[in-house]
Amino acid sequence: MTEWSREQRYRRIEDVNKDELEALKHRIEQSSYRQHFHIQPETGLLNDPNGLMFYNGTYYVSHQWFPLGAVHGLKYWFNYTSKDLVTFEPNGPILKPDTIYDSHGVYSGSAFEFEGNLYYMYTGNHRDEEWKRYASQMIAKVKQDGSIEKLNKPVIAHQPEGYTSHFRDPKVFKHHEEYYAILGVQTQQELGRLLLYKMIHRQIDQWEYIGEITTELEDFGYMWECPDYFSLNGQDVIIFSPQGIDAKDEKYRNIYQSGYLIGHLNFDTLEFKHDTFMELDNGFDFYAPQTFIDEYGKRILIGWMGLPDTQYPTDEEGWAHCLTIPRELTIEEGRLRQRPLKALETLRQNKETALGYANKYNTTLHPYEGTQYELIIDILENEATEIYFELRASKLNSTLISYNTREQKITLDRSESGALPSNVEGVTRSTYLDSPLKQLHIFVDTSSIEIFCNDGERVLTSRIFPDENATAIRTSTETGQVYLKFTKYDLGRDK
Ligand code: FRU
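Residues numbered from 1 in each chain as written. Predicted model: local features only at pLDDT ≥ 70, side-chain atom pairs only at ≥ 80, totals over all residues. Heavy atoms only, no water.

Quick look at the sheet that holds strand β8 (residues 148-150) now. Read from one edge of the open sheet, four strands run β5-β6-β7-β8, paired in antiparallel fashion. Strand pairing shows two members of the sheet lacking a second neighbour, β5 (106-114) and β8, which therefore form its edges. Here the strands of the sheet are splayed against their neighbours by 30° on average, with no regard to which way each runs. Bridge analysis of strand β6 (residues 117-127) against strand β7 (residues 133-142) gives ten bridges, and the strand direction is antiparallel. Paired with Gly124 across the strands is Ser136, a residue of β7. (Pairing = 2+ DSSP bridges. Helix = DSSP H or I, 4+ residues; strand = E, 2+ residues; numbered from the N terminus. Axes fitted to C-alpha atoms, helices over the stretch in contact; angles between N-to-C directions.)

With that settled, consider the side chain of Ser476. Note that Ser476 resides in strand β32 (residues 472-477). When near neighbours in sequence (up to four residues on either side) are disregarded, Ser476 contacts Asn359, Lys360, Glu386, Ile387 and Tyr388. (Contact = heavy atoms within 4.5 Å.)

Here the focus is the site of the ligand. Lining the immediate surroundings of the ligand are Asn47, Asp48, Gln64, Lys75, Tyr107, Ser108, Arg168, Asp169, Glu225, Tyr287 and Trp304. Asp48 places a side-chain nitrogen or oxygen 2.7 Å from an oxygen atom of the ligand. Taking Arg168, its side chain carries an N or O atom lying 2.8 Å from an oxygen atom of the ligand. Computed on the free molecule, the ligand has an accessible area of 320 Å², of which 91% lies beneath the protein chains in the complex. Of the residues in the shell around the ligand, the class split is three nonpolar, three polar and five charged. (Near = heavy atom within 4 Å. Polar contact = N/O pair within 3.5 Å; in protein donor to acceptor, adjacent residues only side chain to side chain. Areas by Shrake-Rupley, 256 points an atom, 1.4 Å probe, with all protein chains shown as cover. Nonpolar A, V, L, I, M, F, W, Y, C, P; charged D, E, K, R; others polar.)

Quick look at the UniProt feature "domain: Glycosyl hydrolase family 32 N-terminal" (unreviewed entry) in the chain now. UniProt annotation of "domain: Glycosyl hydrolase family 32 N-terminal" (unreviewed entry) refers to residues 38-340 when read in the numbering used here. Helix makes up 0% of residues 38-340 and strand 54%, and the two end C-alpha atoms of the span are 13 Å apart. (UniProt positions renumbered as here; feature names shortened; annotations may be inferred.)

A word on the pairing of strand β14 (residues 235-243). Where burial is concerned, most of β14 is hidden: eight out of the nine residues are buried. Once strand β13 (residues 223-232) ends, the chain turns through two residues before running back antiparallel as β14, passing Asn233 with a positive phi of about 45°. In this structure, β14 lies alongside strand β15 (residues 259-265), joined through five bridges in antiparallel fashion. Across the sheet, residue Ile238 finds its bridge partner in β15, namely Leu261. (Buried < 20%, exposed > 50% of the residue type's maximum accessible area, 1.4 Å probe, protein only.)

The next point concerns the pattern of salt bridges. One side chain can pair with another of opposite charge once the charged atoms of both are near each other. The full count for this structure, using the stated rule, is 30 salt bridges. One salt bridge connects Arg168 with Glu225, and the closest N-O pair in it is separated by 2.7 Å. Of the two residues, Arg168 is situated in strand β9 (residues 163-175) and Glu225 in strand β13; the sequence distance between them amounts to 57 residues. Since its relative accessible area comes to 9%, Arg168 is described here as buried. Classification of Glu225 by relative accessible area gives buried; the value is 12%. (Salt bridge = Lys/Arg side-chain N within 4 Å of Asp/Glu carboxyl O.)

What follows is about the confidence of the model for the chain. Put simply, the chain has an average pLDDT of 97, and 99% of its residues get 70 or more. Predicted confidence in the chain is weakest over strand β23 (residues 348-358), with a mean pLDDT of 94, and strongest over strand β19 (residues 299-304), with 99. (pLDDT = per-residue confidence, 0-100.)

This part is about the side chain of Asn117. Relative to the helices and strands, Asn117 resides in strand β6. Among the polar contacts made by the side chain of Asn117, one reaches the side chain of Gln144 at a distance of 3.5 Å.

All right, on to the sheet that holds strand β21 (residues 327-332) then. In spatial order, the strands read β18-β19-β21-β22; together these four strands make up an open sheet with antiparallel pairing. Single-partner strands in this sheet number two, and they are β18 (287-293) and β22 (335-340). The sheet shows a mean angle of 40° between the axes of neighbouring strands, direction not considered. As paired strands, β19 and β21 are joined by three bridges and run antiparallel to one another. What sits directly across from Ile300, in β21, is Glu328.

On to the packing of aromatic side chains. In total, this model carries 34 aromatic pairs according to the counting rule given. Taking the centre distance of 5.1 Å and the plane angle of 50° together, the rings of Phe78 and Tyr80 count as tilted. Owing to a relative accessible area of 3%, Phe78 belongs among the buried residues under this scheme. For Tyr80, a relative accessible area of 4% translates into the label buried. Measuring from centroid to centroid gives 6.2 Å for Tyr252 and Phe277, while their planes differ by 55°, and the two rings are tilted. Taken as a pair, Tyr252 in the loop between β14 and β15 and Phe277 in the loop between β16 (272-274) and β17 (278-279) lie far apart in primary sequence, 25 residues in all. Residue Phe277 is classed as buried on the basis of its relative accessible area, which comes to 7%. Grouped by ring-pair contacts, the aromatic residues Trp65, Tyr76, Phe78, Tyr80 and Phe88 constitute a single cluster. A cation over a ring is seen here: Arg348 above Tyr489, with NZ or CZ 4.1 Å from the ring centre. (Phe/Tyr/Trp six-rings, centres within 6.5 Å; stacked < 30°, edge-to-face > 60°. Lys NZ or Arg CZ within 6 Å of the ring centre and 35° of its normal.)

So, about the nonpolar core. By size, the foremost hydrophobic cluster in this structure holds 43 residues, and its most contacted members are Ile39, Val61, Leu85, Phe292, Leu344 and Phe443. For this core, the secondary structure elements donating two or more residues are α2 (18-29), β1 (44-55), β2 (58-66), β3 (76-82), β18 and β19. When residues no more than four places from it in sequence are discounted, the contact partners of Leu344 are Val86, Ile325, Pro326 and Phe443. Ranked by size, the runner-up nonpolar core spans 31 residues in total, among them Ile377, Ile401, Leu440 and Phe486. (Core = buried A, V, L, I, M, F, W, Y, C linked by side-chain atoms within 4.5 Å.)

Set out below in structure tokens:
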């Protein structure tokens with residue numbers, strides 16, 4: 001791995017000459033891992049989704065971005081607009097680190113509409129000469145011509161007494177016609193917490209500290225990043241990304257987690273009564289998700305398909321990561337369900353279907369193949385002890401999804417998937433379903449897989465880095481046979 005000096009990490013894209021950037025772009029275009037229907041960085045590193053909003057007939061989707069390489073350096077917001085959340089128009093950097101308050105990074109934040117205008121609230125990251133961190137919360141207005149006007153000073157200058165400067169990622173939301181911001185923070189005792197602020201006197205630059213939200217999670221990691229609050233189907237949901245939680249059986253196996261609490265938030269006492277913390281995704285690569293409301297009033301979630309402090313096979317090519325496909329959220333039987341955005345169906349091409357049996361030795365199903373596709377597998381009868389689905393398979397590669405019938409356990413095994421990220425614990429991720437497996441709905445792109453189980457009951461999201469010729473789809477069982485229906489569509493849009 002090439003080491004990046006601090007100076008290299010904090011170089012501004014504005015100071016880099018055109019030829020150097022073009023050379024980097026050209027190098028990245030040659031990569032065999034470039035995605036076809038996911039948002040990915042033109043160059044450099046993408047992380048959290050930021051400023052998600054449907055405003056005036058257009059979707060705004062931005063992401064954290066360090067343009068010059070696959071490292072966490074000086075962060076910008078890179079912006080896309082879209083009419084349908086399926087195809088996206090790149091608009092370049094929309095928020096830049098160009099004030100003293102955000103000199104060391106325009107960190108994560110959210111979008112909101114106020115008096116007819118689109119605004120962002122985000123964290124300004126500043127470091128002094130001794131490299132001491134200062135975090136403040138800033139507001140920027142997106143003007144009608146698309147240009148940005150930042151308010152000239154932070155609207156929240158620093159963290160309250162009792163907390164460290166790990167104080168960031170404001171999510172602005174409206175509750176009973178008032179504007180609030182929920183933030184992630186660390187206490188002086190190094191515990192992750194959530195804070196609430198409120199806009200007062202209907203003044204965009206006046207935000208009052210309301211207090212800490214109390215949850216039933218006393219000791220649950222050292223920092224909570226990227227919180228989100230919304231109400232859905234009559235309940236309150238808080239999503240956040242805690243850091244510093246130990247793995248427990250099949251749970252919390254990634255370096256950092258992201259999950260949700262469902263319950264009731266009392267806005268007077270700030271007490272949040274809730275059910276247990278549930279992970280949003282059971283795959284290898286998922287972090288810092290955010291939600292927003294689409295044009296139909298549905299709650300949509302987009303996550304970062306990556307994790308901090310992990311090295312990926314594309315790092316050496318000068319780029320890393322992508323966003324997940326958008327997912328529609330509902331609460332059913334006390335849990336979040338996540339279904340792929342309906343509009344993604346417009347990407348479908350070349351429908352193929354097959355109905356047949358699979359057993360230990362062979363399958364009567366048509367031997368499909370592909371590198372970018374959507375695959376729906378309906379399990380019509382299951383007498384097998386274990387079912388195996390291999391995707392992106394060749395002589396050398398295979399990404400294996402297995403289902404253990406007795407335990408209702410789904411396992412994603414990427415040990416043979418191809419090149420692997422490093423600093424990752426283990427090569428499998430598993431989850432226990434709430435009900436017997438009836439359906440897998442899978443989205444495969446050049447270097448990723450998103451597996452929706454039982455109509456959104458669980459999702460497993462992972463990057464995979466197979467060879468280009470690893471295209472086969474295979475099915476078999478351990479003992480007993482299964483009767484399956486396959487429906488496959490190519491998802492061919494080039495990016
Ligand atoms: C999460 C995060 C945020 C922060 C941003 C900086 O991945 O650490 O807390 O705002 O990334 O890029």
